Amino acid sequence: AFSPDGMQVITASHDKHAKIWSSETGECLHTLIGHSDVVRSAVFSPEGRLALTASDDHTAKVWSIETGECLHTLEGHAGALRSAAFLAH
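Let me sum up the structure you'll find in this document. (Residues numbered from 1 in each chain as written. Predicted model: local features only at pLDDT ≥ 70, side-chain atom pairs only at ≥ 80, totals over all residues. Heavy atoms only, no water.)

1. Overview of the sheet that holds strand β4 (residues 39-44)
1) Next: In spatial order, the strands read β4-β5-β6-β7; together these 4 strands make up an open sheet with antiparallel pairing. Only two strands of the sheet have a single partner each, and these edge strands are β4 and β7 (70-74). Pairwise comparison of adjacent strand axes, ignoring direction, gives a mean angle of 15 degrees for this sheet.
2) Next: Alignment of β4 against strand β5 (residues 50-55), held across 5 bridges, turns out to be antiparallel. If you follow A42 over to β5, its bridge partner there is T53. (Pairing = 2+ DSSP bridges. Helix = DSSP H or I, 4+ residues; strand = E, 2+ residues; numbered from the N terminus. Axes fitted to C-alpha atoms, helices over the stretch in contact; angles between N-to-C directions.)

2. So, the pairing of strand β1 (residues 8-12)
1) Next: As judged from the 5 bridges shared by β1 and strand β2 (residues 17-22), these two strands associate in the antiparallel manner. Residue pairing for β2: V9 is matched across the bridge by W21.
2) Next: The antiparallel hairpin formed by β1 and β2 contains 4 residues in its connecting segment, where K16 sits at a positive phi of about 80 degrees.

3. Section: the side chain of S41
1) Next: Tracing the sequence through the fold places S41 in strand β4.
2) Next: For S41, a relative accessible area of 12% corresponds to the buried category.
3) Next: Side-chain polar atoms of S41 contact the backbone nitrogen of A84, separated by 3.1 Å.
4) Next: Contact partners of S41, with chain neighbours within four places excluded, come to A12, L52, T53, A54, R82, S83 and A84. (Buried < 20%, exposed > 50% of the residue type's maximum accessible area, 1.4 Å probe, protein only. Polar contact = N/O pair within 3.5 Å; in protein donor to acceptor, adjacent residues only side chain to side chain. Contact = heavy atoms within 4.5 Å.)

4. Here we look at the environment of S13
1) Next: Among the structural elements, S13 can be located in the loop between β1 and β2.
2) Next: Its relative accessible area of 27% is what places S13 among the partly exposed residues.
3) Next: Along the sequence, S13 and V38 sit 25 residues apart, while their C-alpha atoms lie 6.3 Å from each other.
4) Next: In this structure, S13 is in contact with V38 and V39, ignoring residues within four places of it in sequence.

5. Description of the nonpolar core
1) Next: Within the largest apolar cluster, 10 residues are counted, these being I10, A18, I20, L32, V39, A42, F44, A51, W63 and I65.
2) Next: Elements with a contribution of two residues or more to this core: β2 and β4.
3) Next: The greatest single-element share of this core, amounting to 3 residues, is contributed by β4.
4) Next: Discounting chain neighbours no more than four positions away, the residues touching L32 are I10, K16, H17, A18, I20, W63 and G68.
5) Next: L52, A60, V62 and L81 belong to the second largest nonpolar core, which has 7 residues in total. (Core = buried A, V, L, I, M, F, W, Y, C linked by side-chain atoms within 4.5 Å.)

Written out as structure tokens, the structure is:
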């Protein structure tokens with residue numbers, strides 16, 4: 001998925017990571033490390049400051065786009081998460 005300004009791309013992978021890339025250079029800007037299973041979905045927030053990932057490890061995580069740091073881990077599902085989405089206000 002592209003960031004709202006089109007400058008970055010976020011990808012989800014079976015390697016248990018998500019990555020944020022420069023859409024201009026193709027350079028990996030951040031590897032989002034913290035899930036313990038496949039990452040199925042990764043999206044940018046509407047304002048482009050946060051990312052949300054969903055994983056087969058039964059968690060979703062909120063990340064800082066600027067630092068690549070995990071800000072919150074959302075737990076409580078009994079099964080794998082298949083998608084993630086932000087709602088625009």
